[in-house]
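# Observations on the model geometry
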Amino acid sequence: NRHVVFPESVAVLELLRPRVKLGMITNGAPDIQREKIDKSRLAGYFDAILVSGEVGFGKPKAEIFRLAIDRLGVDEASAVMIGDSLNRDIAGAANVGIKSVWVNRAGAKDTKGFPTPDAEVRDLAGLAELLEKIL
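A few points on the structure. (Residues numbered from 1 in each chain as written. Predicted model: local features only at pLDDT ≥ 70, side-chain atom pairs only at ≥ 80, totals over all residues. Heavy atoms only, no water.)

Another aspect to go through is the overall build of the protein chain. Of regular secondary structure, the protein chain possesses six helices and five strands. In the protein chain, the order of α-helices and β-strands from amino to carboxyl end is α-β-α-β-α-α-β-α-β-β-α. Its C-alpha atoms give the protein chain a radius of gyration of 14 Å, near enough to 14 Å, the size a compact globule of 135 residues would have. For the protein chain, the spread of C-alpha atoms along the principal axes amounts to about 35 × 30 × 30 Å. Split into buried and exposed, the 135 residues of the protein chain put 41% on the buried side. For the protein chain, contacts bridging at least 24 residues in sequence account for 50% of all contacts bridging at least 6. When the accessible surface of the protein chain is split by element, carbon and sulfur atoms take 50% of a total near 8000 Å². (Helix = DSSP H or I, 4+ residues; strand = E, 2+ residues; numbered from the N terminus. Rg over C-alpha atoms; globule rule 2.2 N^0.38 Å. Buried < 20%, exposed > 50% of the residue type's maximum accessible area, 1.4 Å probe, protein only. Contact = heavy atoms within 4.5 Å. Areas by Shrake-Rupley, 256 points an atom, 1.4 Å probe, with all protein chains shown as cover.)

Have a look at this one:
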């Protein structure tokens, strides 16, 4: 009930869905994460959803990213991780050698000690155009 879907999320997913395969990777207990996904009403946009508590490993471990890539039927060269956590999402992408986009909504500046993403955005708007550039 407290989980908020960012306002641009649905529009961006609707734009991306016909153009690319979409996967979701989330860390946490399956019952809690599945409830959040269900209440967000976003599950239908994704071709694969991986919950760390279901598969036995989570972000930033390379295994969960490789499993997502495998389930989506894509290769590393065409995969991009889009996430808001430098130490889980961006580091995990770096662990498997895939491109990454950091969603830095807070405008954080101190990124010392973290992998450098391929791109950075403040929100998801414009993501489709950005993905075409980095791929």
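Residues Leu127, Ala128, Leu130, Leu131 and Ile134 constitute the buried set of helix α6 (residues 127–134). Viewed end-on, α6 has its buried residues packed into an arc of 160°, placing them on one side of the element. Seen from the open side of α6, the exposed residues pointing more than 90 degrees away from its buried face are Glu132 and Lys133. (Arc of directions from axis to C-beta.)

The next subject is the sheet that holds strand β3 (residues 80–83). Read from one edge of the open sheet, three strands run β3-β4-β5, paired in parallel fashion. The strands lining the two open edges of the sheet, one partner per strand, are β3 and β5 (119–121). Each strand of the sheet is rotated relative to its neighbour by a mean of 20°, with strand direction disregarded. Of the pairings in the sheet, the one linking β3 to strand β4 (residues 99–103) comprises four bridges and is parallel in character. Residue pairing for β4: Ile82 is matched across the bridge by Val101. Relative to β4, helix α5 (residues 86–96) is tilted by about 160°, and along the sheet it contacts β3 and β4. (Pairing = 2+ DSSP bridges. Axes fitted to C-alpha atoms, helices over the stretch in contact; angles between N-to-C directions.)

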